[in-house]
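Summary of structural features
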Amino acid sequence: MSTVTLNKRVQDFVITRRQLFINGQLVDAKSGKTFDTVNPATGETLATIAEGDAADIDLAVRAARRAFDDGPWGRMTPSERGRIIWRIGDLISEHLEEFAELETLDNGKPLAVARAADVPLAAELFRYMAGWATKIEGNTIPLSVPYAPGAEFHAYTLREPVGVVGQIIPWNFPLLMAAWKLGPALATGNTVVLKPAEQTPLSALYLAEIMAEAGLPDGVVNVVNGYGETAGAALAAHPGVDKIAFTGSTEVGRLIATAATGNLKKVSLELGGKSPNIVFADADPQAAIAGAANAIFFNHGQCCVAGSRLYVEADRFDEVVAGVADIAKSIKLGDGFDPDTQMGPLVSDEQLEKVGGFLDSGRQEGATVVTGGARQGDKGFFFQPTVISKTRPDMRVVREEIFGPVVVASPFESLDEIAATANDSPYGLGAGIWTRDISKAHALAKRIRAGTVWINCYNVFDAALPFGGYKQSGWGREMGHEALEAYTELKAVCTQL
Ligand code: NAI
Ligand code: MG
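Residues numbered from 1 in each chain as written. Chains lettered and ligands numbered in written order. Predicted model: local features only at pLDDT ≥ 70, side-chain atom pairs only at ≥ 80, totals over all residues. Heavy atoms only, no water.

Digging into the domain arrangement of the protein
For clarity, the threshold we go by: Boundaries between domains were set according to an automatic or database domain assignment. By definition, the buried area sums, over both parts, the 1.4 Å-probe accessible area that each loses when the two are put together. Take a side-chain nitrogen of Lys or Arg and a carboxyl oxygen of Asp or Glu: if they are within 4 Å of each other, that pair is a salt bridge. The definition of a polar contact used here is a pair of N or O atoms within 3.5 Å, where within protein one atom must be able to donate a hydrogen and the other to accept one, and adjacent residues in sequence count solely through side-chain atom pairs. The helix count covers DSSP runs of H or I at least four residues long, the strand count covers runs of E at least two residues long, and both are numbered beginning at the N terminus. Only Asp, Glu, Lys and Arg are considered charged, only Ala, Val, Leu, Ile, Met, Phe, Trp, Tyr, Cys and Pro nonpolar, and every remaining residue, Gly among them, polar.
Split into domains, the protein comes out as domain 1 (8–271 + 474–494) and domain 2 (276–463). Using C-alpha coordinates to define each centre, domain 1 is positioned 30 Å away from domain 2. Together, the buried faces of domain 1 and domain 2 total about 2300 Å²; carbon and sulfur atoms form 68% of this surface. Applying the counting rule to domain 1 against domain 2 returns zero salt bridges. In this assembly, domain 1 and domain 2 are joined by six residue pairs in polar contact (both at pLDDT 80 or more). Per-element tally for the side of domain 1 that touches domain 2: the top contributor is helix 5 (residues 111–132), with six residues. Within the side of domain 1 that touches domain 2, the residues separate by chemical class into 15 nonpolar, 10 polar and six charged.

Have a look at this one:
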């Protein structure tokens, strides 16, 4: 960190004890408890954070309910709401440097990546959703009621906010995941209780202050940090919450869905993946190799949609795998604040242990580690970019989400074979296809059971492009106008004239 002088506001932010943000106020947890957030590049404590639990979640849900029922938010015109959301996007851009520094400190990602990707994407998401605030429309519907001959009706639909929304987000893109969740919830007029990941509590608290500055009324967004098993579980189960939105592990997704049955709150889930990235022999080799490396190594493989299964048409298998391995070896690991760093640490010692465990399992089951395969250094949570080959489809490293910079590579012979192999997974989040044959690309895209298929690219995200999973990768879509549906109820109004 010696290479960068932290922004003054960021310095203050990390040295001060950070509170919860409920009803527009910074408050301690009711229990008085706190937890520490750690810099993953050093393992050292960054800041002490108020640790919310069920009692604080309850306060926050009540504040969100009051803000929904009685506050100025519900009386604002869509245009006024849209302008506040747009202003949030602009303020994120204005404070880009501080947000980027907070993400690098808390998550470990290279500062250049946070500056170029996380923060601008978050700002854009708010601006994109701001535009929708004035376009939440229903339909007029002609009726033919068979048992009311001669009667005339005027019928229409209204799209209304769901109400109080609970949102639980992960640590891999802390600010961006908050934006994906908050943007559509606010554009449609809901109020929110946001529970950030315990590994990365800082940027959401900073965002809370920015949102107040943008003119968001008190109680519309409440941020309660704390652990998943306490604060998160309380939010998912709370009877005063009308909808719960979650991004994280499939395992916890199941717990959320179960907890939601109490009051049958609406649920949207963005869960794990084991996404196939498929390189045909006729692909541009340089683009495919660089693309395959980016697909798995971006964000240190800590992407739900990471291209973690690399399939290469047999003729080109050795060449492509060698190319990806060369890139893996060349990636410079280091502190995210070092301008030479291309890959930072994993987020936590827990993740480091988990990824290492997968390597042990792969070796035991007979896979070959082409490059990488181990922790790097003994300070911080660094793991080497890793390529594994000679796998079998039933191995844990092929079937389970590793969530680290680890790709498994296998050859394939035909389009029919690869379509089946690509779909041989409980997940269905993303897929990549590399070929110069557009007909083959689209034929395969149609056969893959996944929420996103990238052709001759990977990891392209845009606020307008819906994102989400088939199968056990989730329920519902985020971003795009589809996201609005998850945050609205539809009312049919029928009048006899
Ligand atoms: P996790 O699913 O436990 O945590 C994600 C969020 O859920 C955090 O805010 C956490 O506090 C909360 N949470 C945890 N348990 C909860 C519960 N019982 N009720 C309500 N909320 C709860 O993920 P974790 O433990 O951080 O990582 C484990 C694995 O999950 C990773 O190795 C990766 O495979 C996967 N994961 C997937 C992500 C994605 O983007 N789809 C993001 C993060 C993790
Ligand atoms: Mg967990």
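A few points about the sheet that holds strand 15 (residues 386–389)
As a reminder, the rule being used: At least two bridges found by DSSP between two strands is the condition for calling them paired. Axis angles are defined between N-to-C directions and span 0 to 180 degrees, where every axis is a line fitted to C-alpha atoms and, for a helix, only to the segment in contact. In what follows, a contact means two residues having at least one pair of non-hydrogen atoms within 4.5 Å.
One open sheet holds the seven strands; their spatial order is 14-15-16-13-12-18-19, and the pairing between them is mixed. Two strands bound the open sheet, and with one partner strand each, they are strand 14 (368–371) and strand 19 (452–455). Along the sheet, successive strands turn relative to each other by an average axial angle of 25°, direction set aside. In terms of strand pairing, strand 18 (residues 430–434) meets strand 19 through four bridges, oriented parallel. Each residue of the ladder has a partner; that of Ile-433, found in strand 19, is Ile-455. Together, strand 12 (276–279), strand 13 (309–313) and strand 16 (406–412) form the strand contacts of helix 14 (residues 415–423), whose direction differs from that of strand 13 by roughly 175°.

Here we look at the sheet that holds strand 6 (residues 153–161)
What the three strands build is an open sheet, ordered 5-6-22; its pairing is antiparallel. Strands with a single pairing partner mark the edges of an open sheet, and in this sheet they are strand 5 (140–141) and strand 22 (488–496). Relative to strand 6, strand 5 is paired through two bridges, and the arrangement is antiparallel. Each bridged residue has a counterpart across the sheet, and for Ile-141 the counterpart in strand 6 is Ala-155.

Some details on the packing of helix 3 (residues 78–94) against helix 6 (residues 174–187)
We apply this condition: Roughly parallel covers angles under 35 degrees, roughly antiparallel covers those over 145, roughly perpendicular covers 65 to 115, and oblique covers all other angles. For any pair of crossing helices, the crossing counts as left-handed if the nearer helix is rotated counterclockwise from the farther one by less than a right angle, and right-handed if it is rotated clockwise.
Here helix 3 crosses helix 6 at 165°, and the two axes come no closer than 10 Å. One element, helix 3, and the other, helix 6, form an angle in the roughly antiparallel class. In this structure, helix 3 meets helix 6 at a crossing whose hand is left-handed. Of helix 6, the residues touching helix 3 (which contributes Arg-81, Ile-85, Ile-88 and Ile-92) are Leu-175, Leu-186 and Ala-187. Of the residues in the contact of helix 3 with helix 6, the class split is six nonpolar, no polar and one charged.

What to know about unusual backbone geometry
With glycine set apart, most residues show a phi of negative sign, and most peptide bonds adopt trans. Going by this rule: Partly exposed describes any residue whose relative accessible area lies between the buried limit of under 20% and the exposed limit of over 50%, with all areas from a 1.4 Å probe on protein chains only and scaled to the type maximum.
Here Asn-299, not a glycine, exhibits a phi torsion of approximately 55°, which is positive. Following the sequence through the fold, Asn-299 ends up in the loop between helix 10 (285–297) and strand 13. On the basis of relative accessible area, Asn-299 is assigned to the buried category, the value being 4%. Although it is not a glycine, Asn-459 adopts a positive phi angle of roughly 55°. Relative to the helices and strands, Asn-459 resides in the loop between strand 19 and strand 20 (470–471). Here Asn-459 falls in the buried class, since its relative accessible area comes to 13%.

Examining the pattern of salt bridges
Under the counting rule described, the total for this entry stands at 21 salt bridges. When the shortest N-O distance is used, the salt bridge between Arg-65 and Asp-242 registers 2.7 Å. A residue pair is termed long-range when its members are at least 10 positions apart, and Arg-65 in helix 2 (residues 54–69) and Asp-242 in the loop between helix 8 (228–237) and strand 10 (243–247) qualify at 177 residues. On the basis of relative accessible area, Asp-242 is assigned to the partly exposed category, the value being 24%. Residue Glu-160 pairs with Lys-491 through a salt bridge whose shortest N-O separation is 3.1 Å. A residue pair is termed long-range when its members are at least 10 positions apart, and Glu-160 in strand 6 and Lys-491 in strand 22 qualify at 331 residues. When salt bridges that share partners are traced, they join Asp-90, Glu-124 and Arg-127 into one network.

Quick notes on the site of ligand 1
Rules: Here a residue is considered near a molecule or strand provided that any single heavy atom belonging to it is located within 4 Å of it.
Taken together, the neighbourhood of ligand 1 is formed by 27 residues, with Trp-171, Lys-195, Glu-198, Lys-354 and Glu-401 sitting nearest. Separating an oxygen atom of ligand 1 from a backbone N or O atom of Ile-169 is a distance of 2.8 Å. Glu-198 is positioned with one of its side-chain polar atoms (N or O) 2.6 Å from an oxygen atom of ligand 1. Looking at the shell around ligand 1, the elements with two or more residues in it are helix 8, strand 10, helix 9 (250–259) and helix 12 (349–364). If you count residues domain by domain, the shell around ligand 1 takes at least three from each of domain 1 (8–271 + 474–494) and domain 2 (276–463).

Comments concerning the state of the cysteines
In plain terms, the rule: Working definition: a disulfide is two cysteine sulfur atoms within 2.5 Å of each other.
In this structure the tally under the stated criterion is zero disulfides. Here Cys-304 is not cross-linked by a disulfide; its sulfur's nearest cysteine counterpart is in Cys-303, at 6.6 Å. Not part of a disulfide, Cys-457 finds its nearest cysteine sulfur in Cys-303, a span of 14 Å. By relative accessible area, which is 24% here, Cys-457 ends up partly exposed.

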